[in-house]
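Close look at the chain arrangement
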Amino acid sequence: MDFLTITAVFCSQILPIVGVVCLIALTAFLFKLIGTLKQVDMTLNKTHGSIELVEKTLDKVQEPVDTVVKVSQTIDKAHDSSVKAFNDTKEYVVKNAQNIKTKVGDLVDEIKAKRAPEEEVLVEEEERTCPPSPEEILRGE
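Residues numbered from 1 in each chain as written. Predicted model: local features only at pLDDT ≥ 70, side-chain atom pairs only at ≥ 80, totals over all residues. Heavy atoms only, no water.

1. Topic: the overall build of the protein chain
The following threshold applies: Strands here are runs of E lasting at least two residues and helices are runs of H or I lasting at least four, both read from the DSSP assignment and numbered beginning at the N terminus. The rule is simple: take the accessible area with a 1.4 Å probe, protein chains only, and divide by the maximum for that residue type; under 20% is buried, over 50% is exposed, in between is partly exposed.
Assigned secondary structure in the protein chain consists of three helices and zero strands. In sequence order, the secondary structure elements of the protein chain are arranged as α-α-α. Here the protein chain, with 141 residues, has 0% of them falling under the buried criterion.

The structure is reproduced here in structure tokens:
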């Protein structure tokens, strides 16, 4: 017999057996796949309740978080405003330093002028009421 004939006879006998083995293997694979899918479905059903609980908890927590964000934004605005006010004041003082110095000097002069007569009287009274110093005692005054 010819080689091709022998191969054809061999393949015609073996191919149905290989086909049956493949079908059995495919059936076993499909059963395992179906079992795995059932387990995944059960797991997802269990986690669905947990996910809903976590979602409700997050909704409860969201309101305080929103409040904290608003407070933080308010604090940021207050900080920015205070920095701006400080910088504006600093710039004003730097620009008008000579005028401020003159005004403060004038006020000090006015206060000194008002107090000067009173202080002279107080100094005279203090000189009269003060006990003699050790030098005065030694000199005999």
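2. Some details on helix α1 (residues 3–95)
What counts here: Multiply 1.5 Å by the residue count of a helix minus one, and that product is the helix's expected span. Fitting one axis to the seven residues ending at a residue and another to the seven starting there, the bend at that residue is the angle between the two axes. The term polar contact refers here to a pair of N or O atoms within 3.5 Å; inside protein, the definition further demands a hydrogen-donor-capable atom paired with an acceptor-capable atom, and it admits residues adjacent in sequence only when both atoms are side-chain atoms.
The first and last C-alpha atoms of α1 sit only 112 Å apart over 93 residues, clearly below the 138 Å expected at 1.5 Å per residue. Largest kink in α1: about 30 degrees, centred on I14, with the proline P16 one to four residues after it. Backbone nitrogen of L4 and a side-chain oxygen of the N-cap are separated by 3.2 Å at the start of α1; the cap is D2.

3. A short note on a negative patch on the surface
So the rule is basically this: Put simply, a patch holds well-exposed residues, over 30% relative accessible area, that have no salt bridge, with like charges counted together within 9 Å and Val, Leu, Ile, Met, Phe, Trp or Tyr side chains within 5 Å. Method for areas: the Shrake-Rupley scheme with a 1.4 Å probe, in which residue coverage is limited to the protein chains shown. Any carboxyl oxygen of Asp or Glu within 4 Å of a side-chain nitrogen of Lys or Arg constitutes a salt bridge here. His is not counted, nor are the chain ends; Lys and Arg add positive charge and Asp and Glu add negative charge. The location of each charge is read from NZ of Lys, CZ of Arg, CG of Asp or CD of Glu.
Together, E52, E55, D59, E63 and D66 make up a region of like negative charge exposed at the surface. Residue placement: D59 occurs in helix α1.

4. What to know about the pattern of salt bridges
If you walk through the whole model with that rule in mind, you get one salt bridge. A salt bridge links K84 to D88; the shortest N-O distance between them is 2.9 Å. Placement of the pair is K84 and D88 together in helix α1, with a separation of four residues, close to one helical turn.

5. Notes on a nonpolar patch on the surface
A cluster of nonpolar side chains, L23, L26, F29, L30, L33 and L37, forms an exposed patch at the surface whose accessible area comes to about 580 Å². Among the secondary structure elements, L26 is positioned in helix α1.

That is the geometry; function is a separate question.
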